[in-house]
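# Descriptive structure summary
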Amino acid sequence: DDSLQNPHLTLFQEMGKLLREDPTTVTANISAWLSDENTPLFWAPFAYSIRGLAYEVMDECELAKMDYLAGLRRYEDLLQELGEEAVQRMKSNVKFIQVRLDALPP
């Protein structure tokens, strides 16, 4: 189980559970995580997708859209930097981001 060894995945799982009941805490925690200079940027697309969903719960569609776009940009950067194989596990997250982005009002 990845989450046992990976504190970032553990954080994302915890934030995912809090999304509906306390989206403000989720956005604050993910914002702090993203702004921490020790944060491994490899995990940024996941963070942006979780915070984007929290913004959706709060009916902050513009902020959600900005986070989803940032997540997709970061994924593209990682794809260029690390190659297809390294970012393989992010494919479903990228699909999720695209679906959420397409569901937002224009």
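Heads up: these notes are all about the structure in this document. (Residues numbered from 1 in each chain as written. Predicted model: local features only at pLDDT ≥ 70, side-chain atom pairs only at ≥ 80, totals over all residues. Heavy atoms only, no water.)

The angle between the axes and the distance between the axes are what describe a pair of packed helices. Packing of helix 3 (residues 23-35) against helix 4 (residues 44-57) leaves a shortest axis separation of 9 Å and a crossing angle of 155 degrees. Relative to helix 4, the element helix 3 is oriented roughly antiparallel. As for the relative orientation of helix 3 and helix 4, their crossing is left-handed in sense. The segment helix 3 lies against helix 4, with Pro-23, Val-26, Thr-27, Ile-30, Ser-31, Trp-33 and Leu-34 engaging Ala-44, Ala-47, Tyr-48, Ile-50, Arg-51, Ala-54, Tyr-55 and Val-57. Taken together, the residues that form the contact of helix 3 with helix 4 break down as 12 nonpolar, two polar and one charged. (Axes fitted to C-alpha atoms, helices over the stretch in contact; angles between N-to-C directions. Helix = DSSP H or I, 4+ residues; strand = E, 2+ residues; numbered from the N terminus. Parallel < 35°, antiparallel > 145°, perpendicular 65-115°, else oblique. Left-handed = near helix turned anticlockwise from the far one by under 90°. Contact = heavy atoms within 4.5 Å. Nonpolar A, V, L, I, M, F, W, Y, C, P; charged D, E, K, R; others polar.)

The next thing to look at is the side chain of Thr-39. Along the chain, Thr-39 falls in the loop between helix 3 and helix 4. What makes Thr-39 buried here is its relative accessible area of 10%. There is a polar contact of 2.4 Å between the side chain of Thr-39 and the backbone oxygen of Trp-33. (Buried < 20%, exposed > 50% of the residue type's maximum accessible area, 1.4 Å probe, protein only. Polar contact = N/O pair within 3.5 Å; in protein donor to acceptor, adjacent residues only side chain to side chain.)

Turning next to the environment of Glu-85. Positionally, Glu-85 belongs in the loop between helix 5 (61-82) and helix 6 (91-103). Taking the relative accessible area as the measure of exposure, Glu-85 reaches 74% and is therefore exposed. Here the alpha-carbon distance between Glu-85 and Val-57, two residues 28 residues apart in the chain, equals 33 Å.

On to the packing of helix 4 against helix 5. It is the contact of helix 4 with helix 5, at a shortest axis distance of 8 Å, that shows an interaxial angle of 170 degrees. It follows from the interaxial angle that helix 4 and helix 5 lie roughly antiparallel. Side by side, helix 4 and helix 5 meet where Ala-44, Pro-45, Tyr-48, Ser-49, Arg-51, Gly-52, Leu-53, Tyr-55 and Glu-56 of the first sit next to Leu-63, Ala-64, Asp-67, Tyr-68, Ala-70, Gly-71, Arg-74, Tyr-75 and Leu-78 of the second. Residues belonging to the contact of helix 4 with helix 5 are distributed by class as follows: 11 nonpolar, three polar and four charged.

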